[in-house]
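The primary structure of each chain is shown beneath.
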Amino acid sequence: MSKYITTPIYYVNGEAHIGHAYTTFIADSMARYEKLKGEDTYFLTGTDEHGQKIEESAQKNGKPTQLFADEISAGFKNLWDEFEIDYDKFIRTTDEDHKKGVQKAFEVMYAKGDIYKDFYEGHYCVSCETFFTETQLVDGEFCPDCGRSTNIIKEESYFFKLSKYEDALLKYYAQNPDFIMPRSRASEVINFVKGGLRDLSVTRTSFTWGVQMPESIKDDKHVMYVWLDALMNYITALGYGTDEANMHYWPASIQFVGKDILRFHAIYWPAFLMSLDLPLPKHIGAHGWWTRDGEKMSKSKGNVVSPREVANAYGVENLRYFMLREVPFGQDGDFSQRAFIDRINSELSNDLGNLLNRIIGMSGKYSNFEIDSVNVLKYHKKEIDAVNIILDSLDAFMENIQIHRYLEELWKLFSIGNKAIEEHAPWVKMKENKKDEALATVALVANILAKASIMLHPVMPRTTNTIADALSFSINSSSYNEFIIDKKLLKLFNIKVVPPLFPRIEEPLMPEAPSAQPNISEKSDEILEEKDNLIEIGQFFETSLKIGVVIEAEEVPKSKKLLKLLVDLGEEKPRQVVAGIKEFYSADSLLNTQVCVVANLKPAKLMGMISEGMLLAAKDEDGLCLIRPEKSKKPGTPIG
Ligand code: MSP
């Protein structure tokens, strides 16, 4: 069965921001996933170029509307090309074929008796290109969606009989509980429809920048309502009304939208499709909104995150990974450089990057870079079984658009790999003359990396191609079948040395948002300079703080204060930490508990014992307590 995946088409009144990039990354990852599985997949994105808002933006910029639209549309397209977004078509609503398709749809709905002419009087929000009733307005004037002020418009208009489809829509939602994803978003749509649908004004006479009426209706005063025009892109892109060569992709498997435009996609769009006698999309997936450092992004605050700026600083693949891993689909997300850097350092650099480096290093040392899976099952059946269980579970996460869970599960493969290295210590096996065993562990990890990079490919295509290249195979649907479905292991090969894929990032690589910085009034400048005990953020990051787990603890004989601990910081060997906490904690009570460790202190000697770190603690007149993470974290997780 073929798959059809779409993003919303982006308005050409401003440059792409991180919210646009997010929808595009999700849809691109999903489309790549389907393509990887060998599904016949079509992925559509593009730009929405008509309407009063675009006309006004062009005027403000002193440009002819078409030229303005051309430039901004090209900006989106170039950005997606730079980001290697694997779209099959980039549609523009100013494309001739699209306009013809919209006219055709209008004619079909008109002929069916679903469109009639009348007068409209209402409160119109130009920014949202939407009419609202008096009762919907905030304080009798402002748009309930964007808060801007609305205008009263009275004009002749064609109307679409939306009210006619109320029952059919409610029935459809009831029979297809997964139509709106996540399901938690369905109730707002259902309640809106249950509240009663008014017929929808689908033409405008107050401006001209829109699709003309069809020849057969000939009513030149009118142009089409931008949402009617825009929604139709999903079928005109397949040739609806012109050359229907690709219509077999319809209905869409999933249409991604932001939560702010769910109503258009879950109510108007299905009603239009019912009127056109076309099947409805299988799913509308509504994602949440992104903020920056906890604040809403806006041009006026100057805190809009530019995806290109982030990609230039951190790499587009890191950004893709971060956005898709950070936020459960449907929920709002927050972009902060701290959270971003933490994920890069702990998940990409530590868990994935280091694993690859370790097997390159070990295979170089032990087998001249040759990796042979021949003994993997003999020594590591347990690990391979665990890997296969995880791999089998992944598809359901992706199909349910739980990409963050998909990635979380996928990351368990790297834990299996890292744990196998710790437990089987190939360097010890080599010393014990058990080369077969040592090489089997290295090959196990190579296979884990191969399988994981296939499954990670939809989210990080370029990086995983580099890993695959190092492991001497290519990622495509046949390797997917071989290594994931048929669960085969890599054939004998020589691993290639690649430079570290994810260099650790020590401090933010972009300036912080203005609002995230201290208030920069003239007065506060003076105060800041006076306070000489303040440090730069970079100075703070010079301290490496990490989560540790106490794996051994004993009292230091003859010392009133000291305990000797072994603390696992996710490194090759645990560290010895001598801490002055004996008066407050018994050795036993510390076993298997989590602590926060200053990890880059120069080692010190206390009562003749080396201490390779310091525990964070707080002490007042009531005594001392250790600082611990609120939730359990992996050993070595950076604190910042
Ligand atoms: N042109 C319409 C869509 C028509 S589809 C037939 C439109 N365009 S838009 O450019 O304003 O928004 C496109 C998408 O970007 C929407 O899905 C919207 O939710 C998303 N985002 C805009 N700001 C956003 C964030 N801050 N965070 C996440 N996504 C956000 O609406």
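Residues numbered from 1 in each chain as written. Predicted model: local features only at pLDDT ≥ 70, side-chain atom pairs only at ≥ 80, totals over all residues. Heavy atoms only, no water.

**Thoughts on the sheet that holds strand S16 (residues 333-335)**
An order of S15-S14-S16 is seen for the 3 strands of this open sheet, with the pairing classed as mixed. For this open sheet the edge positions go to strand S15 (295-296) and S16, each flanked by a neighbour on one side alone. One ladder, built from 3 bridges, connects strand S14 (residues 290-292) with S16; its direction is parallel. The partner of Arg292 across the bridge, within S16, is Phe335. (Pairing = 2+ DSSP bridges. Helix = DSSP H or I, 4+ residues; strand = E, 2+ residues; numbered from the N terminus.)

**Section: the site of the ligand**
Around the ligand there are 23 residues in total, and Ile9, Asp48, Gly258, Asp260 and Trp290 lie nearest to it. Between the ligand and the protein, one listed contact pairs a nitrogen atom with a backbone N or O atom of Trp290 at 2.9 Å. Isolated, the ligand exposes 670 Å² of accessible area, and the fraction of that covered by the protein chains is 93%. Of all elements in the fold, only strand S2 (10-11), helix H1 (18-36), helix H7 (226-231), helix H8 (233-236) and strand S12 (254-258) reach the threshold of two or more residues within the shell around the ligand. (Near = heavy atom within 4 Å. Polar contact = N/O pair within 3.5 Å; in protein donor to acceptor, adjacent residues only side chain to side chain. Areas by Shrake-Rupley, 256 points an atom, 1.4 Å probe, with all protein chains shown as cover.)

**Some thoughts on the state of the cysteines**
What the rule picks out here adds up to 0 disulfides. In this model Cys128 remains outside any disulfide bridge; the closest cysteine sulfur is found in Cys146, 3.8 Å from its own. Left without a disulfide partner, Cys596 is nearest to the cysteine sulfur of Cys625, which lies 11 Å away. Given the relative accessible area of 5%, Cys596 is considered buried. (Disulfide = S-S within 2.5 Å. Buried < 20%, exposed > 50% of the residue type's maximum accessible area, 1.4 Å probe, protein only.)

**Regarding the sheet that holds strand S7 (residues 151-160)**
The strand order across the open sheet formed by 4 strands is S6-S5-S7-S9, and the pairing between neighbours is antiparallel. The sheet is open, and its two edges are formed by strand S6 (130-132) and strand S9 (200-201), each paired on a single side. Looking at chain direction, strand S5 (residues 115-125) and S6 are connected through 3 bridges and run antiparallel. Residue pairing in the sheet places Tyr124 in a bridge with Phe131 of S6. Where helix H9 (residues 262-275) meets the sheet, it contacts S6, S7 and S9, and its direction lies at approximately 35° from that of S7. (Contact = heavy atoms within 4.5 Å. Axes fitted to C-alpha atoms, helices over the stretch in contact; angles between N-to-C directions.)

**Overview of helix H4 (residues 96-111)**
Here H4 is 16 residues long and its end C-alpha atoms lie 23 Å apart, about the 22 Å a rise of 1.5 Å per residue gives. Every buried residue of H4 is accounted for by His98, Gly101, Val102, Gln103, Ala105, Phe106 and Met109. After H4 finishes, the residue Gly113 shows a positive phi value of roughly 85°. (Expected span 1.5 Å × (residues − 1).)

**Things to note about the pattern of salt bridges**
Applying the stated criterion across every chain, the model contains 47 salt bridges. Where Lys117 meets Asp219, a salt bridge forms, and the shortest distance between an N and an O atom there is 2.7 Å. In this pair, Lys117 is assigned in strand S5 and Asp219 in the loop between strand S10 (203-204) and strand S11 (223-224), connecting sequence segments 102 residues apart. Of the charged contacts, one joins Arg338 and Asp342 as a salt bridge, the two residues approaching to 3.4 Å between their closest N and O atoms. One end of the pair, Arg338, and the other, Asp342, are both in helix H12 (residues 337-367), 4 residues apart, so they sit about a helical turn from each other. Judged by relative accessible area, which is 23%, Arg338 ranks as partly exposed. Connected through shared salt-bridge partners, Arg325, Arg405, Glu408, Glu409 and Lys412 make up one network. (Salt bridge = Lys/Arg side-chain N within 4 Å of Asp/Glu carboxyl O.)

**Section: empty space enclosed by the protein**
Applying the stated criterion across every chain, the model contains 1 cavity of 30 Å³ or more. Approximately 40 Å³ is the volume found for the largest cavity. Contributing to the lining of the largest cavity are Tyr22, Ile26, Leu324, Val327, Phe329, Ile401, Ile403 and His404. Elements that contribute at least two residues to the lining of the largest cavity include exactly H1 and helix H14 (403-424). When its residues are assigned to classes, the lining of the largest cavity shows 7 nonpolar, 1 polar and no charged. (1 Å grid on protein atoms, 1.4 Å probe; cavity = no way out; pocket = protein on both sides within 12 Å on 5 of 7 lines; lining within 4 Å. Points joined across faces, edges and corners; volume = space filled by probe spheres on them. Nonpolar A, V, L, I, M, F, W, Y, C, P; charged D, E, K, R; others polar.)

**Looking at the packing of aromatic side chains**
One pass over the full model with this rule turns up 34 aromatic pairs. Centroid distance Trp80 to Phe83: 6.4 Å. Interplanar angle 50°. Geometry classified as tilted. Residue class for Trp80 comes out buried when judged on its relative accessible area of 0%. Of the residues examined, Phe83 reaches a relative accessible area of 4% and is grouped as buried. Between Trp227 and Phe264, the aromatic rings sit 3.8 Å apart at their centres with planes inclined by 10°, giving stacked as the arrangement. Of the two residues, Trp227 sits in helix H7 while Phe264 sits in helix H9, which places them 37 residues apart along the sequence. For the pair formed by Trp227 and Phe264, the shared burial category is buried. The ring of Phe119 has Lys154 sitting right over it, with the charged end atom 5.8 Å from the ring centre. (Phe/Tyr/Trp six-rings, centres within 6.5 Å; stacked < 30°, edge-to-face > 60°. Lys NZ or Arg CZ within 6 Å of the ring centre and 35° of its normal.)

**Quick look at the layout of surface pockets**
The space that makes up the second largest pocket amounts to roughly 1,600 Å³. Counting residues per element, the ones that place at least two in the lining of the second largest pocket are helix H11 (316-326), H12, H14, strand S19 (545-555) and strand S28 (638-639). Residues that form the lining of the second largest pocket fall into these classes: 12 nonpolar, 14 polar and 22 charged.

**Details of the nonpolar core**
The tendency in soluble globular proteins is for nonpolar side chains to be buried as a group. Core analysis: the biggest nonpolar cluster contains 179 residues, and Trp80, Trp250 and Phe272 have the highest contact counts within it. The dominant element in this core, judged by the number of residues it contributes, is helix H16 (residues 435-456), at 12 residues. Setting aside anything within four residues of it in sequence, one finds Trp80 in contact with Tyr10, Ala16, His20, Ala21, Thr24, Thr45, Ile85, Tyr87 and Phe90. Counting residues in each nonpolar core, the second largest holds 18 residues, with Val567, Ile581, Leu590 and Leu626 among its members. (Core = buried A, V, L, I, M, F, W, Y, C linked by side-chain atoms within 4.5 Å.)

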